[in-house]
Amino acid sequence: MSDRDRERLFTSSPAPVVASFEELEAEPIIRREGSLYADAWRQLRRRPMFIISGVLIVILAVMAIWPGLFTRADPRACNLADSLLRPSSEHWFGTDVQGCDYYARTIWGARVSITIGVLVTACSTLIAVLLGSMAGYYGGWVDTVIARLTDIWFAIPTILGGIVILRSVFSTRGLLQVSLVLIVLGWPTMLRLVRSAVMATKEMDYVDAARALGVRNFRIIRRHILPNAVAPVIVYATITVGVIISAEAALSFLGVGLQLPAISWGLMISVAQNRILTAPHLLLFPGAFLSVTVFSFILMGDALRDALDPRLR
Amino acid sequence: MGRYLIRRLLQFIPVFFGATLLIFIMVWAIPGDPIAALAGDRVLPEQVVQQIRDRYNLDDPLIVQYGKYMGGVFQGDFGEDFRGRPVTDLLGQRLPITVRLALLAFGFEVVLGIIAGILAGVRKGGFVDNLVLISTLVVIAIPIFVLGFLAQLLLGVRFGWFPVSGVQHGLYSYLLPAMVLGSVSLAYIARLTRTSLIENLRADYVRTATAKGLSRRRVVGIHTFRNSMIPVVTFLAIDLGSLMGGAIITETIFNIPGLGRAVFEGVQRQEGTVVVGIVTFLVLVYMMANLLVDVLYAVLDPRIRYE
């Protein structure tokens, strides 16, 4: 699965505009004078997909910020005598080889995943918006240079590139190094998205009007183009958080991501793989948490896309 | 069409060199001396070290090394590892395994994905549609290595339906890994087929076809299906490329000695030549797939004009 396919999938549109005439009447035209976002919000509040994923994301965010709310146990306080216990009332998720409480470790694992997911997405979005709006707005040689650079980056599959960079460039690999690599490999898809959105918005009459009034380029981009081109970016960024979390776990699983003693779901699964017969719980719990996290972000992106894509209106 | 192809091929050249140069630089940025790693605890005599360095052009500036390497690649020489074994040998040995895996996965995802997508798209909002939408979302959300282990644990170990790992049982042992490898793309194909079918069912020509009295089967099966397959076919072309690269995790889980495993082992052993060789090869495959997609677009959809 390449990023480009993902982009194509999540930005092109299914789903109905209005399901029925009742719905049209329930929402008279007069109330539609709000912005795209007010509209989207009104629509979103009623969608179970949005509510479920929203609640899950809030829980996960709280888990990442204050893991102490969910568990009293210290994830690093381990007792070798308790090695590989099955789940019980004392250790809800059992214990790992070192006898650490697996529930506490699983809860603490949310922090790394969410941090990397959000950090990487924020940074690559920033790069993509800066370069993408330049390429899309100015066109010409600026566009050519940026587009060709993106093409080159695009030819390198994320996991392959990640393995190569993480193994060869860094001698120790912590949260920052892994994030950096995922940013370096992650921006091109987003850039293409921003570029095409900006190129489409640039053709609008109000942009011509602004230009005719003598508004400077920078201001046109910032005030007139970006706010109108940002909807697909928000949708894609939400999905990207999930995709990045999954990629971090995959790299850690392959042994080129985070290193012990970091607490990360991917790392836990990587350690668990040698014991899937004797202690499957070591695989199942972090695997389930990881899947639910990725699921929430992708579901949220799906819901946002349905609400924000103006073509559906 | 011809001009478009030529232009596309010309654009292909800088991208190819750029991507391979990037990989080359990243791989040779390895901290630590690969030759020292090769020798282990012993200290190699100065002459031996020098001889090895000369042989692999390690004293040249990086860009010259790259130039010499690419010169070799164009003559079918992907370099050799530090034991003197040509990388092409390794490629020849590992490639068929990965290709077999990728093709099986491909067949699996194409057949099931398109069927699921059509069933869902024909009755939008129905039970099957919701079932397909939700199950594909779940499959997309579960990381492939979690899915792989689950499949291995349940279908391989618990139920004993499939070999757990390795390739001793011929094609049969590729079946489960292929299903795991193809699962995510299957979900994407199902969704893409569904979306595209729904969009096309709203088109005017469908109304015309229905109005002139064609059966629903014919309208969906012939008129709409062909047009909805355009995005799917192009997705498939690019997917075949990414399956080859994506095989790395599946091959690790199921212990299949394919290309992905070879890259991974190469990185672990700091065998830069092996990594560069295989990754260059994979990037080439991936880019060819991309190129194929662009050409397919032009062939399949005459509305798309390339100037």
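Residues numbered from 1 in each chain as written. Chains lettered and ligands numbered in written order. Predicted model: local features only at pLDDT ≥ 70, side-chain atom pairs only at ≥ 80, totals over all residues. Heavy atoms only, no water.

J.: With reference to specific residues and values, describe the overall build of chain A.
T.: Looking only at helices and strands, one finds 12 helices and 0 strands in chain A. Helices (α) and strands (β) of chain A occur, in sequence order from the N terminus, as α-α-α-α-α-α-α-α-α-α-α-α. Out of the 313 residues in chain A, the part that is buried amounts to 52%. Sequence-distant contacts in chain A: of pairs separated by 6 or more residues, those separated by 24 or more amount to 73%. Within the structure as shown, chain A displays about 14,100 Å² of accessible surface, and the carbon and sulfur contribution to it stands at 65%. (Helix = DSSP H or I, 4+ residues; strand = E, 2+ residues; numbered from the N terminus. Buried < 20%, exposed > 50% of the residue type's maximum accessible area, 1.4 Å probe, protein only. Contact = heavy atoms within 4.5 Å. Areas by Shrake-Rupley, 256 points an atom, 1.4 Å probe, with all protein chains shown as cover.)

J.: How would you summarise the overall build of chain B if you had to cite specific residues and measurements?
T.: From N to C terminus, chain B includes 12 helices and 0 strands. When the helices and strands of chain B are read in sequence order from the N terminus, they spell out α-α-α-α-α-α-α-α-α-α-α-α. Considering chain B as a whole, with its 307 residues, one finds that 50% of them fall into the buried category. Considering only intrachain contacts with a sequence separation of at least 6, the fraction spanning at least 24 residues in chain B is 75%. Carbon together with sulfur atoms contributes 64% to the accessible area of chain B, which is approximately 14,400 Å² in total.

J.: So, the packing of aromatic side chains: which residues are in play, and what are the values?
T.: Taken as a whole, this structure holds 7 aromatic pairs over all chains when the rule is applied. Geometrically, the ring pair formed by W153 of chain A and W187 of chain A is tilted, given 5.5 Å between the ring centres and 45° between the ring planes. Of this pair, W153 of chain A sits in helix 6 (residues 140–154) while W187 of chain A sits in helix 8 (residues 175–202), and the two are 34 residues apart along the sequence. Assessed through its relative accessible area of 21%, W153 of chain A is described here as partly exposed. Note on F16 of chain B and F17 of chain B: the rings are 5.5 Å apart at their centroids and 70° apart in plane angle, and the pair reads as edge-to-face. With a relative accessible area of 7%, F16 of chain B lands in the buried category. An aromatic cluster is defined as three or more aromatic residues linked by ring pairs; in this entry it consists of F253 of chain A together with F145 and F149 of chain B. (Phe/Tyr/Trp six-rings, centres within 6.5 Å; stacked < 30°, edge-to-face > 60°.)

J.: Lay out helix 11 (residues 259–268) of chain B in plain terms, naming residues and giving numbers.
T.: Of all 10 residues that make up helix 11 of chain B, 8 are buried, and the element is covered over most of its length. Of the positions making up helix 11 of chain B, those classed as buried are L259, G260, R261, A262, V263, F264, G266 and V267 of chain B.

J.: Which residues make up the nonpolar core, and what values go with them?
T.: Nonpolar side chains tend toward joint burial in soluble globular proteins. Membership of the largest hydrophobic core comes to 133 residues, with the highest contact counts inside it found for L290 of chain A together with F145, I249 and I278 of chain B. Among the elements that make up this core, the one with the highest residue count is helix 12 (residues 281–308) of chain A (13 residues). Contacts of L290 of chain A, omitting those with residues within four sequence positions, involve I245, A249, W265 and I269 of chain A together with P143, F145 and V146 of chain B. Formed by 21 residues, the second largest nonpolar core is a distinct cluster that contains A128, W187, V194 and V198 of chain A. (Core = buried A, V, L, I, M, F, W, Y, C linked by side-chain atoms within 4.5 Å.)

J.: Go over helix 1 (residues 2–27) of chain B with me, naming the residues and quoting the values.
T.: Its 26 residues place the ends of helix 1 of chain B 38 Å apart at the C-alpha level, agreeing with the 38 Å of an ideal helix rising 1.5 Å per residue. What helix 1 of chain B keeps buried is the set Y4, R8, F12, V15, F16, G18, A19, T20, I23, F24, M26 and V27 of chain B. Its buried side turned inward, helix 1 of chain B meets helix 6 and helix 7 (158–168) of chain A together with helix 4 (62–74) and helix 12 (272–300) of chain B. (Expected span 1.5 Å × (residues − 1).)

J.: Kindly report on the confidence of the model for chain B, identifying the contributing residues and their values.
T.: Any segment with low pLDDT has predicted coordinates that should not be analysed in fine detail. Residues and elements named next belong to chain B. This prediction gives chain B a mean pLDDT of 79; 91% of its residues lie at or above 70. Ranking the helices and strands of chain B by mean pLDDT puts helix 9 (residues 204–211) first, with 87, and helix 2 (residues 34–39) last, with 63. The ipTM, which scores confidence in the relative placement of chains, is 0.77 for this predicted complex, and the corresponding pTM is 0.80. (pLDDT = per-residue confidence, 0-100.)

J.: A description of the environment of V232 of chain B should follow, citing residues and the corresponding values.
T.: All names here are of chain B. Relative to the elements of secondary structure, V232 occurs in helix 10 (residues 216–253). Between the C-alpha atom of V232 and that of T193, which follows or precedes it by 39 residues, the distance is 6.3 Å. When neighbours within four sequence positions are excluded, V232 is seen to be in contact with I114, I189, L192 and T193.

J.: So what about the environment of S242 of chain B? Which residues, and what values?
T.: Residue and element names in this part refer to chain B. By secondary structure assignment, the location of S242 is in helix 10. Since its relative accessible area comes to 8%, S242 is described here as buried. It is 6.4 Å that separates the C-alpha atoms of S242 and Y286, two residues lying 44 residues apart in sequence.

J.: Residue-level account of the interface of chain A and chain B, with values.
T.: On the chain B side, the residues contacting the 49 residues of chain A number 56 residues. With both chains or domains summed, chain A and chain B bury close to 4,700 Å², and 76% of this area falls on carbon and sulfur atoms. Across the contact surface, chain A and chain B share 1 salt bridge. Between R191 of chain B and D302 of chain A there is a salt bridge; the shortest N-O distance is 3.2 Å. Inspection of the region where chain A meets chain B yields 1 residue pair in polar contact (both at pLDDT 80 or more). (Buried area = accessible area lost by both parts, 1.4 Å probe. Salt bridge = Lys/Arg side-chain N within 4 Å of Asp/Glu carboxyl O. Polar contact = N/O pair within 3.5 Å; in protein donor to acceptor, adjacent residues only side chain to side chain.)

J.: Outline the side chain of D143 of chain A, listing residues and values.
T.: Residue and element names in this part refer to chain A. The residue D143 is located in helix 6 in this model. Here the side chain of D143 touches R195 through a polar contact of 2.6 Å, side chain to side chain. The residues contacting D143, other than those within four sequence positions of it, are A135 and R195.

J.: Talk me through the packing of helix 5 (residues 102–138) of chain A against helix 6 of chain A; I want residue IDs and the actual numbers.
T.: Residue and element names in this part refer to chain A. Packing of helix 5 against helix 6 brings their axes to within 7 Å, and their N-to-C directions diverge by 135°. Overall, the two elements helix 5 and helix 6 adopt an arrangement that is oblique. The two elements helix 5 and helix 6 meet at a crossing, and its hand is left-handed. Here L131, M134, A135 and Y138 of helix 5 lie close against helix 6, whose contacting residues are G140, V142, D143 and I146. (Axes fitted to C-alpha atoms, helices over the stretch in contact; angles between N-to-C directions. Parallel < 35°, antiparallel > 145°, perpendicular 65-115°, else oblique. Left-handed = near helix turned anticlockwise from the far one by under 90°.)

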